[in-house]
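Here is what each chain is made of, one letter per residue.
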Amino acid sequence: MNLIAAVDKNWSIGYNGDLLYHIKEDMKFFRAKTNGKVVVMGRKTLESLPGGNPLKNRINIVLSSNKDFNAPGCVVCHSFSELFEKVKAYDTNDVYVIGGESLYNMLMPYCAYAYITEIDAEKEADKAINNISKNASWQMVERSSTQNENGIDFVFKKYKNTLVRKM
């Protein structure tokens, strides 16, 4: 399993149910990595997508503790054990955790790789993920050159988890 996220200097990811930054190159990177793959998200992340609809050309797995929650076009799981069973049906290299905050932080230990867009800026935020760059079990294995869009510098990094937990 993999993780994909865009974070600011404080590893913040969102505010009031929206992303902190809308960087076209980051969105393009996200689409390229996840197209035709499996994306795992929480209910609130699904609801934050355009129209609250699942992402096209992907298998959308949604975790919600609400037993009555149903999402057309999605595989809905109501527990981690159910989620892990569903995910086992796919090549783990093709599974991407895409949010939100609690799902990122809970599934991080089970992810082999993290694709992180690090944005050299900071904004008011109410959602953040654990800073893997300060975690000894995560090692940066790739880094793009610094890019700029609308005055905002960012870099794409790939981290490898040296202590992946088994599902």
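Residue numbers restart at each chain and count upward from 1, following the sequence in its written direction. Local features in a predicted model are, by the rule used here, given only for residues with pLDDT of at least 70; side-chain atom pairs are given and counted only at 80 or more, and totals for whole chains, interfaces and linings are based on all residues. Only hydrogens and water are set aside when side-chain values are computed; all heavy atoms of the structure are taken into account.

**Side note on the overall build of the chain**
Stage number 1. Note on conventions: DSSP H or I runs of at least 4 residues are helices, E runs of at least 2 residues are strands, and numbering of each starts at the N terminus. Scanning the chain from terminus to terminus reveals four helices and twelve strands.
Stage number 2. This radius of gyration counts C-alpha atoms alone. The globule rule is 2.2 Å times how many residues there are, raised to the power 0.38. Over its C-alpha atoms the chain spans a radius of gyration of 15 Å, differing by no more than 12% from the 15 Å that the globule rule assigns to 167 residues.
Stage number 3. Its C-alpha atoms give the chain principal-axis dimensions of roughly 45 × 35 × 30 Å.
Stage number 4. Relative accessibility decides the category of a residue: with a 1.4 Å probe and only protein chains considered, values under 20% of the type maximum give buried, values over 50% give exposed, and everything between is partly exposed. Out of the 167 residues in the chain, the part that is buried amounts to 43%.
Stage number 5. Nonlocal contacts in the chain, meaning residues at least 24 apart in sequence, comprise 64% of its contacts between residues at least 6 apart.
Stage number 6. Per element, the accessible surface of the chain, about 9000 Å² overall, is 47% carbon and sulfur. Whether two residues are in contact is decided by their heavy atoms: any pair within 4.5 Å suffices. All accessibility values rest on the Shrake-Rupley procedure with a 1.4 Å probe; residue burial counts only the protein chains present in the view.

**Some points on the packing of aromatic side chains**
Stage number 1. Here the aromatic set is Phe, Tyr and Trp, taking the six-membered ring for Trp, and pairing holds for ring centres within 6.5 Å; pairs whose planes are under 30 degrees apart are stacked, those over 60 apart are edge-to-face, and all others are tilted. All chains considered together, the criterion is met by seven aromatic pairs.
Stage number 2. Ring geometry for Phe29 and Tyr115: centres 6.5 Å apart, planes at 55°, overall tilted. Here Tyr115 lies in strand 8 (residues 113–119) and Phe29 lies in helix 1 (residues 24–34), a separation of 86 residues in the sequence.
Stage number 3. Look at Phe29 and you get partly exposed, because its relative accessible area is 21%.
Stage number 4. Here Tyr115 falls in the buried class, since its relative accessible area comes to 9%.
Stage number 5. Site record: aromatic cluster; members linked through ring pairs are Phe29, Tyr96, Tyr115, Phe154 and Phe156.
Stage number 6. Any Lys NZ or Arg CZ that is within 6 Å of a ring centre and within 35 degrees of that ring's normal is treated as a charge sitting over the ring. The ring centre of Tyr21 lies 4.5 Å from the NZ or CZ of Lys123, which sits over that ring.
Stage number 7. Sitting over the face of the ring of Tyr113, Lys158 holds its NZ or CZ atom 4.5 Å from the ring centroid.

**Observations concerning the pattern of salt bridges**
Stage number 1. By salt bridge we mean one thing: a side-chain nitrogen of Lys or Arg within 4 Å of a carboxyl oxygen of Asp or Glu. Overall, the coordinates contain seven salt bridges when judged by the stated rule.
Stage number 2. Linking Glu25 and Lys28 is a salt bridge whose minimum nitrogen-to-oxygen distance equals 3.8 Å. Of this pair, Glu25 and Lys28 both sit in helix 1, three residues apart, which is roughly one turn of that helix.
Stage number 3. Glu85 serves as the salt-bridge partner of Lys88, at 3.5 Å between the closest nitrogen and oxygen.
Stage number 4. Under the relative-accessibility criterion, Lys88 is labelled partly exposed at 47%.

**Thoughts on the nonpolar core**
Stage number 1. Side-chain atoms within 4.5 Å link the members of a nonpolar core, which is a set of buried Ala, Val, Leu, Ile, Met, Phe, Trp, Tyr and Cys residues. Counting 28 residues, the largest nonpolar core has Leu107 and Ile116 as its most contacted members.
Stage number 2. Elements with a contribution of two residues or more to this core: strand 1 (2–7), strand 4 (38–42), strand 5 (59–63), helix 3 (80–87), strand 7 (95–99), helix 4 (101–107) and strand 8.
Stage number 3. Sequence-distant contacts of Ile116, that is, excluding residues within four places in its chain, are made with Leu3, Ala5, Val7, Trp11, Ile132, Val155, Phe156, Lys157 and Tyr159.
Stage number 4. In this structure, Phe30, Cys74, Val76 and Ile98 belong to the second largest nonpolar core, which totals 15 residues.

**Details of the layout of surface pockets**
Stage number 1. In this analysis, the protein atoms alone were mapped onto a 1 Å grid. Cavities are point sets where a 1.4 Å probe fits without being able to get out; pockets are open sets with protein on both sides within 12 Å along at least five of seven lines; lining residues have an atom within 4 Å of a point. Grid points are joined across faces, edges and corners, and a volume is the space filled by probe spheres set on the points. In this model, the largest pocket occupies a volume close to 1200 Å³.
Stage number 2. Taken together, 44 residues line the largest pocket, and the ones lying closest to its centre are Thr45, Ser48, Ile98, Gly99 and Gly100.
Stage number 3. Every element with two or more residues in the lining of the largest pocket is listed here: strand 1, strand 2 (12–15), strand 3 (18–19), helix 1, helix 2 (43–48), strand 7, helix 4 and strand 8.
Stage number 4. Just so you know the grouping, Ala, Val, Leu, Ile, Met, Phe, Trp, Tyr, Cys and Pro go in nonpolar, Asp, Glu, Lys and Arg go in charged, and all remaining residues, Gly too, go in polar. For the lining of the largest pocket, the per-class residue count stands at 19 nonpolar, 16 polar and nine charged.

**So, the pairing of strand 1**
One face of the sheet, then the other: side chains in a regular strand alternate in exactly this way.
Stage number 1. A large share of strand 1 lies buried, amounting to five of its six residues.
Stage number 2. Across six bridges, strand 1 lies against strand 8 in parallel orientation. Paired with Val7 across the strands is Glu118, a residue of strand 8. By the convention used here, strands pair only if DSSP detects at least 2 bridges between them.

Take it as geometry only, folks, not as evidence of what the structure does.
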